[in-house]
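Per-entry structural report
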Amino acid sequence: MNVGVHRINNICIVGAGNMGHQIALSAALAGFTVKCIDLNKEVLLKAEQFVITYLPERVAKGKLKQADADAVRAKLMFTSDLAEAAGEADLVIEAVIEKLEIKRHLFAQLDRLCPSHTILTTNSSYIVSSKVADVTSRPEKVCNMHFFNPALVMKLVEVVKGPHTSEKTTGTLMEVCVRMGKTPVLLQQEIYGFLVNRMLSTIKNESIYLLDMGIAGPEEIDRAVTLALGYPMGPFRLMDLTGIDLTYYVGMERYQETGDPAYRPSPSIVEKFINKEWGRKTGKGFYDYPQKE
Ligand code: 3HC
């Protein structure tokens, strides 16, 4: 049965952080008209600065024509006005902090602000869309659309169908991924951590255990994983890339939800979280990252 697809031209990305601004830029590079919204002016400014630096670098590297870079600038807008960003969207990709209550509040707002045809998705690493679909009047148009960091580079997107999600919605999202130059995988059922983060968390947790036990340091563990297993990056460098704050929030959220102490962030993660050593974004994590002036 051909269930058809929705027509998507305008995309709204909510959250201009690590993931949000790179998803926004990927979409603009693929020709979509994109509004990226964040209430935090500092985050918004940093995101815009990234784009201003990134596009000329791509032109200089010969990877992008100047005319295409100009077209991207014209198609990508940063704003702090949610109503404006959501009002004309055909598709929303939420990429805010991993806190369920914040996402539920946001989805209720988006449901009020967006036209009735708009598909609402979450880029959450772990939270399934059925946890936010019930606050909307359009659960059949609510779905997970999970990108990977760095989103400009990583090809995979997990599209996770909830029990409420229609096939027309998943079909549309699969098509949007392809138009963005990504390769989607469709999960027919919701599962905590989807495919990739389930596998990744096993190696990450084991690495943190080895560190906390004093068996080896981050550099040794990363070296072992890259050189023996062939991963492009070891787990500690990867946590610095994705954000140690994310590792902390995801662990706490799951611990509070299940009461299972196995999910509670380990002492080394708690210490880094408290000291704001969140990885590349703060200039220090398991490694140091000198900040550019
Ligand atoms: N942002 C944007 N582009 C980046 C980038 C970044 N942070 N880092 C690297 N790139 C680009 C470079 O510009 C370059 O582009 P080009 O080849 O078109 O010129 C290309 O990536 C390769 O860069 P480098 O040669 O500098 O570096 P590497 O070859 O080492 O690649 C990497 C860098 C792509 C980050 C690679 O190390 C890698 O794939 N690491 C693993 C990443 C990973 O596992 N991601 C998944 C994380 S889990 C996740 O996201 C789930 C979520 O829920 C948390």
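Quick caveat, the model's predicted, so the values are computed rather than measured. (Residues numbered from 1 in each chain as written. Predicted model: local features only at pLDDT ≥ 70, side-chain atom pairs only at ≥ 80, totals over all residues. Heavy atoms only, no water.)

Some thoughts on the UniProt feature "domain: 3-hydroxyacyl-CoA dehydrogenase C-terminal" (unreviewed entry) in the protein
- Per the UniProt record, the feature "domain: 3-hydroxyacyl-CoA dehydrogenase C-terminal" (unreviewed entry) sits at residues 193-289.
- Across residues 193-289, the secondary structure splits into 62% helix and 0% strand, with the terminal C-alpha atoms separated by 28 Å. (UniProt positions renumbered as here; feature names shortened; annotations may be inferred. Helix = DSSP H or I, 4+ residues; strand = E, 2+ residues; numbered from the N terminus.)

Focus: the site of the ligand
- Residues in contact with the ligand amount to 19 residues; listed here are only the nearest, R58, K61, S125, H146 and N149.
- Contact between the ligand and R58: an oxygen atom at 2.9 Å from a side-chain N or O atom of the residue.
- Calculation on the ligand without its partners gives an accessible area of 1000 Å², and the protein chains cover 65% of this total.
- Of all the elements in the fold, those that place two or more residues in the shell around the ligand are helix 8 (196-212) and helix 10 (235-242).
- Residues that form the shell around the ligand fall into these classes: 9 nonpolar, 6 polar and 4 charged.
- When we break the shell around the ligand down by domain, the ones giving at least three residues each are domain 1 (10-187) and domain 2 (196-282). (Near = heavy atom within 4 Å. Polar contact = N/O pair within 3.5 Å; in protein donor to acceptor, adjacent residues only side chain to side chain. Areas by Shrake-Rupley, 256 points an atom, 1.4 Å probe, with all protein chains shown as cover. Nonpolar A, V, L, I, M, F, W, Y, C, P; charged D, E, K, R; others polar. Domains from an automatic or database assignment.)

Considering the UniProt feature "site: Important for catalytic activity" (unreviewed entry) in the protein
- In this structure's numbering, the residues bearing the UniProt feature "site: Important for catalytic activity" (unreviewed entry) are H146.
- Looking at the element boundaries, H146 is found in strand 6 (residues 142-146).
- Apart from the residues lying within four places of it in its own chain, the contact partners of H146 are N123, S124, S125, L156, V157, E158, F194 and N197. (Contact = heavy atoms within 4.5 Å.)

Re the packing of helix 2 (residues 41-60) against helix 3 (residues 66-75)
- Interaxial distance between helix 2 and helix 3 falls to 9 Å at its minimum, and their mutual angle equals 165°. By the angle between their axes, helix 2 is roughly antiparallel relative to helix 3. When you trace helix 2 past helix 3, the crossing you get is right-handed. Here E48, V51, I52, L55 and V59 of helix 2 lie close against helix 3, whose contacting residues are Q66, A69, V72 and R73.
- In the contact of helix 2 with helix 3, the residues fall into 6 nonpolar, 1 polar and 2 charged. (Axes fitted to C-alpha atoms, helices over the stretch in contact; angles between N-to-C directions. Parallel < 35°, antiparallel > 145°, perpendicular 65-115°, else oblique. Left-handed = near helix turned anticlockwise from the far one by under 90°.)

Regarding the side chain of S266
- If you trace the backbone, S266 turns up in the loop between helix 11 (244-258) and helix 12 (267-274).
- In this structure S266 touches I208 and D212, once residues within four positions along its chain are discounted.

Here we look at unusual backbone geometry
- With omega at 0°, the peptide bond leading from N149 into P150 counts as cis.
- With respect to the element layout, P150 can be found in the loop between strand 6 and strand 7 (156-160).
- At F194, a position not held by glycine, the phi torsion is positive, near 55°.
- By relative accessible area, which is 0% here, F194 ends up buried.
- Notably, K276 is not glycine yet its phi reads approximately 55°, a positive angle. (Buried < 20%, exposed > 50% of the residue type's maximum accessible area, 1.4 Å probe, protein only.)

Describing the packing of aromatic side chains
- Tallied over the entire structure, the rule returns 8 aromatic pairs.
- Each ring, one from Y249 and one from F273, has its centre 5.3 Å from the other, and the planes form 80°; the classification is edge-to-face. With Y249 in helix 11 and F273 in helix 12, the pair connects residues that are 24 residues apart, well separated along the chain. Here the two residues Y249 and F273 agree in accessibility, since each one is buried.
- Through pairs of rings, three or more aromatic residues link up here, namely Y248, Y249, F273 and W278.
- The positively charged end of K272 is found above the aromatic ring belonging to F286, 5.3 Å away from the centroid. (Phe/Tyr/Trp six-rings, centres within 6.5 Å; stacked < 30°, edge-to-face > 60°. Lys NZ or Arg CZ within 6 Å of the ring centre and 35° of its normal.)

Considerations on helix 10
- Listing the buried residues of helix 10 in full gives P235, F236, M239, D240 and L241.
- Buried residues along helix 10 sit against helix 1 (18-29), helix 8, helix 9 (218-229), helix 11 and helix 12.
- Of the residues one or two after helix 10, G243 is the one with positive phi, at around 110°.

Details of the pairing of strand 2 (residues 33-37)
- Burial within strand 2 is extensive, with 4 of its 5 residues counted as buried.
- Bridge analysis of strand 1 (residues 10-14) against strand 2 gives 5 bridges, and the strand direction is parallel. The partner of I13 across the bridge, within strand 2, is C36. (Pairing = 2+ DSSP bridges.)

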